[in-house]
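Tertiary structure, described
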Amino acid sequence: MPPAPSINANGAIKWANGITEDMHISPSGSTLTFASPQNLFNPGGITIFSRIDSARNGSCEHYYSEQAVKTRLNICGSGEVTLIVEGQVINVGALAKFSYG
């Protein structure tokens, strides 16, 4: 299996199942980019989530997958992350932003 493409990760999500996924958060926060192993459904190995600016709900922001529009991420100011696929909660976790200095 080909390796995952590399990204300049500046954040990560630690899922409830113990898996941690690194990601790149754009400077504006409008896109989240994940690198994952290439597979039949994702031959490029890159998954991009774009913020839905019209769907803000309090301190929560909503993102959709560019590759699979029915896949959503909800990220709240508390750091809580919810992964939703076709209206069903698939996983929950916590967001961490890396700080360099």
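Quick summary incoming for the structure in this document. (Residues numbered from 1 in each chain as written. Predicted model: local features only at pLDDT ≥ 70, side-chain atom pairs only at ≥ 80, totals over all residues. Heavy atoms only, no water.)

Considering the overall build of the protein chain
When helices and strands are counted, the protein chain shows zero helices and eight strands. Along the chain direction, N to C, the helices and strands of the protein chain fall in the order β-β-β-β-β-β-β-β. A burial count over the protein chain gives 36% of its 101 residues as buried. For the protein chain, the proportion of contacts with a sequence separation of at least 24, taken over those separated by at least 6, is 29%. For the protein chain, the exposed surface amounts to about 6200 Å²; the carbon and sulfur share of it is 55%. (Helix = DSSP H or I, 4+ residues; strand = E, 2+ residues; numbered from the N terminus. Buried < 20%, exposed > 50% of the residue type's maximum accessible area, 1.4 Å probe, protein only. Contact = heavy atoms within 4.5 Å. Areas by Shrake-Rupley, 256 points an atom, 1.4 Å probe, with all protein chains shown as cover.)

A look at unusual backbone geometry
Phi at Glu-86 takes a positive value of approximately 50°, unusual for a residue other than glycine. Mapped onto the elements, Glu-86 comes out in the loop between strand E7 (80-85) and strand E8 (88-97).

Re the pairing of strand E5 (residues 60-65)
When strand E4 (residues 46-51) meets E5, the two strands line up antiparallel, connected through three bridges. Paired with Phe-49 across the two strands is Ser-65, which belongs to E5. Bridging between E5 and strand E6 (residues 71-76) involves five bridges; their strand directions are antiparallel. Following the sheet pairing, Glu-61 is matched in E6 by Ile-75. In this structure, the hairpin formed by E5 and E6 is closed by a connection of five residues. (Pairing = 2+ DSSP bridges.)

Thoughts on the pattern of salt bridges
Counted under the stated rule, the structure contains two salt bridges. Between Arg-51 and Asp-53 there is a salt bridge whose closest N-O contact spans 2.7 Å. Taking relative accessible area as the criterion, Arg-51 reaches 17% and is therefore assigned buried. Between Glu-61 and Arg-51 there is a salt bridge, and its shortest N-O distance comes to 3.7 Å. Taken together, the residues Glu-61 in strand E5 and Arg-51 in strand E4 connect sequence positions 10 residues apart. Among the charged side chains, a network of salt bridges with common partners joins Arg-51, Asp-53 and Glu-61. (Salt bridge = Lys/Arg side-chain N within 4 Å of Asp/Glu carboxyl O.)

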